[in-house]
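The lines below spell out each chain.
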Amino acid sequence: MIERMAKVEILGLKDVALDAVDVIHDLGTLHIEDLSERIGLMESKRVSRMEMDPKFADHEATLNSLRDKVGDMVRELKPAMEGISREYVQKEYDAVWSDDVETMVSRIEKMLAEVERATRDPVENKADLMVELSRLEKYAPIMAKVQPLTERVSRMKDMASIALIIERKYKAILNYLNEEISKITGGECEVVSSDVDEESTAALVVFNRRHLKQVHEFLDVQDVNQVRLPSDLARKPIDEAMAEVRVRISEIPQELERIDLHLSDVTEKYSTKLLAARNAIHDRLETLEAVPKFGQTEQVFIISGWLPEDKAEPMEKRLAEEFGNKVIVTIIDIREEHEEEKTPVALKNSPFVRYFEVIYMLSKYPKYGTVDPTIIFAVFFPFLFGLMVGDMGYGIVIMVLGWLVHRKWNDKPLANMAGYIMTVGGAWAIFFGALYFEFFGDWLARWAGIMNAEGEITHYWIGSDQTIIRYPLDRLEGFTLMFGIVIVIGFIHMSIGLIIGIVNGVREKNRKHVAEKAGLLAVLTGVMLILAKFAFSTWWPMVAVMVGVALAIGGIVVAGIGGGMGGVVESIVGAGNLFSYVRLLAIGLASVIMANVANSLSREMGGSGAIGIVVGIIVFILLHALNIVIGVFSPSIHALRLHLVESFGKFFEPAKYKYEPFKKTGGET
């Protein structure tokens, strides 16, 4: 249901304005109205937007800087949110919070300095080690390619060497390099090479060390890749450098692990403090950012907003205790002020119904003063879902998986709500599966011996194939009965929506709206009375058909009076929308046919030996798993469409604003 709201205006002396804002923030129940627009429309210039004291503007800049710093630290330490207690965060929040901004800033800066001292060196060392590891891992394979060549020059004294990597297709350049370097060194050089793989050749240029500078200058302008070792390895022989690189590559991960363990300890020690500081900064900034939404005169401040009716008196009492007659709270009648459109909406439902508020992630909240349709969604959605799935085996799987999702992702609202809804939907699927006597398709019916090889039920425990009422209720053979059932369900579902539309019209004192919805309901009822003649032609009285015709015609006229030509069109189209509910039958039939096909294929394969049995089991599992996935998404989408279009479309008016109270985050993680 939609919670009843009260609008309040708070007036007080300007010298206690910020203290009053802190109290309101601490209470956390007031949805603040931005008075800027109203002030702009006022002819009097005595009321203006409240302006922030310059010193608080400086505080805002400081807090924004601290928020960025805290955010960087949280991202660096990556605390595991699910392991942090809300109570501990609240405790640290209370320790860092202060009504005096400068005191709070000082506390946060002191804590951040501690974190920096504990993390600066390890974080820098970790970054350096990562760079070093990346560099060595780059050199190692190159050095491995040229290392075999060093054995040929390892005994030469006063000789220098430069390793090169050359693409195989440019191998001819080695002759050119040999000639040119021979000129530079007066013939005191040798170029040795070896094909390392299909794409590259490793070469080692050996020459007298006194020509080192000239050779480097020459190679620098050539299109060749020199193996440039790190400075600490450059003067060592390749084989010795290679050994050191391998040792270092094995040591760095251990050093990184030690640093990570240290940072893990730091995270455990400071993560709660950082999250509390982040929340405190957010709350203080929210207070400062709220100030321009208020009004002021030369001597008083004005705050306007909404809160639940039962929270108005505690707020009035708290402000009176804190400020006496310096602050006055006035409660305004929302209906007298005609402010239903602007009133923010808060929902107050039972725990069961609350999970189905997930629908408002796809739609806005219902308008204040209208009927909350969440209960309709909570009742009909899982019912329609179960009617379409209608399989005990599928229902058990869906219910178990839904419950696991609901429990595991308790901190993620969307997944938590969806898991709960699937749990309830799975239970309804089990119920309807029992009515249809389906357990992974026709598997149970065949096992019980009530179905022949052609897939036809040969024995009914209640009734027979000549009676309308029978059990099991075969969806394939009982198409006519199922068609009638889904039409009746559609009539009930749409009628509830129209009745709520009438109630909303009465609440809003909108006679035309009431007339239009009443006319649509009359047309829908008339069509049902006429359709009943086709289902029960032998005993349905003709007078009921005549009443149906009269209701349909009269309903069109009344709908036209209320909604004009649009009402007439809607009454005719709305009656046709009744047949949209046939999709409940069509989707269910598609599901049971696919399940039966899965059983048929697995039986055929299972009759051809041990391998066939294994293949048959695999086919059974895969096809039924696919059908379950389809059975979750397709019925969900179509049940959702029937709610949003066929039912909610008859009455739903979206709210402009959702109730978002001005409150502290406190112990949120």
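The structure reproduced in this document is the subject of the present report. Since the structure is predicted, the reported quantities are computational estimates derived from the model, not experimental observations. (Residues numbered from 1 in each chain as written. Predicted model: local features only at pLDDT ≥ 70, side-chain atom pairs only at ≥ 80, totals over all residues. Heavy atoms only, no water.)

### Some details on the pattern of salt bridges
The full count for this structure, using the stated rule, is 14 salt bridges. For Glu92, the salt bridge goes to Lys273, with nearest N and O atoms at 3.4 Å. Separated by 181 residues along the polypeptide, Glu92 in helix α4 (residues 86–96) and Lys273 in helix α8 (residues 238–290) bring together distant segments of the chain. The exposure class assigned to Lys273 is partly exposed, which follows from its relative accessible area of 28%. (Salt bridge = Lys/Arg side-chain N within 4 Å of Asp/Glu carboxyl O. Helix = DSSP H or I, 4+ residues; strand = E, 2+ residues; numbered from the N terminus. Buried < 20%, exposed > 50% of the residue type's maximum accessible area, 1.4 Å probe, protein only.)

### A short note on the environment of Trp97
As for its position among the elements, Trp97 is in the loop between α4 and α5 (101–150). Those residues in contact with Trp97 that lie beyond four places of it in its chain are Met104, Arg107, Ala280, Asp283, Arg284 and Lys664. (Contact = heavy atoms within 4.5 Å.)

### Things to note about the side chain of His493
In this fold, His493 is placed in helix α15 (residues 479–507). With residues near it in sequence (within four places) discarded, His493 still touches Ile376, Phe380, Tyr581, Leu642, His643 and Ser647.

### Side note on empty space enclosed by the protein
Scanning the entire structure with this criterion turns up two cavities of 30 Å³ or more. In this structure, the largest cavity occupies an estimated 120 Å³ of space. Lining the largest cavity are 14 residues, with Glu438, Asp442, Met451, Asp474 and Val592 sitting closest to its centre. Residues of the lining of the largest cavity, tallied by class, amount to seven nonpolar, three polar and four charged. Considered as a void within the structure, the second largest cavity measures approximately 40 Å³ in volume. Secondary-structure elements contributing two or more residues to the lining of the second largest cavity are α15, α16 (511–535) and α17 (542–577). No other element matches the four residues that α17 contributes to the lining of the second largest cavity. Along the lines of polarity and charge, the residues of the lining of the second largest cavity split into five nonpolar, two polar and two charged. (1 Å grid on protein atoms, 1.4 Å probe; cavity = no way out; pocket = protein on both sides within 12 Å on 5 of 7 lines; lining within 4 Å. Points joined across faces, edges and corners; volume = space filled by probe spheres on them. Nonpolar A, V, L, I, M, F, W, Y, C, P; charged D, E, K, R; others polar.)

### Here we look at helix α1 (residues 17–27)
If you check which residues of α1 are buried, you get Ala17, Ala20, Val21, Asp22, Val23, Ile24 and His25. Positive backbone phi, approximately 70°, marks Gly28, located one or two places after α1.

### Considering the packing of helix α6 (residues 173–185) against helix α7 (residues 212–220)
How two helices sit against one another is set out by the angle between their axes and by the gap between those axes. With their axes 10 Å apart at the nearest point, α6 and α7 run at an angle of 145° to one another. Viewed along their axes, α6 and α7 form a crossing whose handedness is right-handed. Across the interface between the two elements, Tyr176, Leu177, Glu180, Ile181, Ile184 and Thr185 of α6 pack against Gln214, Val215, Phe218 and Leu219 of α7. Taken together, the residues of the contact of α6 with α7 sort by class into seven nonpolar, two polar and one charged. (Axes fitted to C-alpha atoms, helices over the stretch in contact; angles between N-to-C directions. Left-handed = near helix turned anticlockwise from the far one by under 90°.)

### Focus: the packing of helix α12 (residues 392–408) against helix α13 (residues 413–436)
At a closest axis distance of 7 Å, the pairing of α12 and α13 adopts a crossing angle of 160°. Judged by the inter-axis angle, α12 sits roughly antiparallel to α13. Pair α12 / α13 crosses with left-handed handedness. Across the interface between the two elements, Met392, Gly395, Ile396, Ile398, Met399, Gly402, Trp403, Val405 and His406 of α12 pack against Ala415, Asn416, Gly419, Tyr420, Met422, Thr423, Gly426, Ala427, Ala429, Ile430, Gly433 and Ala434 of α13. (Parallel < 35°, antiparallel > 145°, perpendicular 65-115°, else oblique.)

### Let's talk about a negative patch on the surface
Together, Asp15, Asp19, Asp99, Asp100 and Glu102 make up a region of like negative charge exposed at the surface. Mapped onto the elements, Asp19 comes out in helix α1. (Patch = residues over 30% accessible without salt bridge, like charges linked within 9 Å, V, L, I, M, F, W, Y side chains within 5 Å. Areas by Shrake-Rupley, 256 points an atom, 1.4 Å probe, with all protein chains shown as cover. Lys, Arg positive; Asp, Glu negative; His and termini not counted. Charge placed at Lys NZ, Arg CZ, Asp CG, Glu CD.)

So far we have only geometry, and geometry alone does not tell us how the molecule works.
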